[in-house]
Amino acid sequence: MKNQSNIFKKFTEKIKLKIKLTRMDLKWKLMGVRWFSLFPPSFYYTHTDEEVKLIIEELREFLMQFEEDE
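Definitions and limits used
- Residues numbered from 1 in each chain as written.
- Predicted model: local features only at pLDDT ≥ 70, side-chain atom pairs only at ≥ 80, totals over all residues.
- Heavy atoms only, no water.
- Helix = DSSP H or I, 4+ residues; strand = E, 2+ residues; numbered from the N terminus.
- Expected span 1.5 Å × (residues − 1).
- Buried < 20%, exposed > 50% of the residue type's maximum accessible area, 1.4 Å probe, protein only.
- Contact = heavy atoms within 4.5 Å.
- pLDDT = per-residue confidence, 0-100.
- Phe/Tyr/Trp six-rings, centres within 6.5 Å; stacked < 30°, edge-to-face > 60°.
- Patch = residues over 30% accessible without salt bridge, like charges linked within 9 Å, V, L, I, M, F, W, Y side chains within 5 Å.
- Areas by Shrake-Rupley, 256 points an atom, 1.4 Å probe, with all protein chains shown as cover.
- Salt bridge = Lys/Arg side-chain N within 4 Å of Asp/Glu carboxyl O.

## Quick word on helix H1 (residues 2–30)
- Counted at 1.5 Å a residue, the expected span for H1 with its 29 residues is 42 Å, and the 42 Å between its end C-alpha atoms agrees.
- Among the residues making up H1, those that are buried are Leu21, Asp25 and Trp28.
- Where the residues of H1 are buried, they touch helix H2 (41–46).
- One or two steps after H1, the chain reaches Gly32, where phi turns positive at roughly 80°.

Spelled out as structure tokens, the structure:
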């Protein structure tokens, strides 16, 4: 019985986090900030600084290749 309650608790915590992230992104969109930042707040909330830096570097490389192809 205790195992089932732990599973239910983890499930509800995941749902609460998803709701929190969705509200965070909605506020971000409504404030009009999305035009000035690369990713929504939920992205930074769910990724480490190292992951963000790696993704940005990969995007830079992709853009450089795209510019070279034109």
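Continuing now.
## Re the confidence of the model for the protein
- In this model, the protein carries a mean pLDDT of 89, and residues with pLDDT of at least 70 account for 97%.
- Here H2 is the element of the protein with the lowest mean pLDDT, 90, and helix H3 (residues 49–69) is the one with the highest, 92.

## Some words on the packing of aromatic side chains
- Summed over all chains, the structure comprises three aromatic pairs.
- Note on Phe39 and Tyr44: the rings are 6.0 Å apart at their centroids and 70° apart in plane angle, and the pair reads as edge-to-face.
- Ring plane angle 85° and centroid distance 5.7 Å describe the contact between Phe43 and Tyr44, whose orientation is recorded as edge-to-face.
- What makes Phe43 buried here is its relative accessible area of 14%.
- Overall, the relative accessible area of 39% leaves Tyr44 in the partly exposed class.
- Here the aromatic cluster, defined as three or more aromatic residues joined through ring pairs, consists of Phe39, Phe43 and Tyr44.

## Structural notes on a nonpolar patch on the surface
- A cluster of nonpolar side chains, Phe8, Phe11, Ile15 and Ile19, forms an exposed patch at the surface whose accessible area comes to about 410 Å².
- If you trace the backbone, Phe8 turns up in helix H1.

## What about the environment of Asp49?
- Following the sequence through the fold, Asp49 ends up in helix H3.
- Along the sequence, Asp49 and Leu21 sit 28 residues apart, while their C-alpha atoms lie 18 Å from each other.

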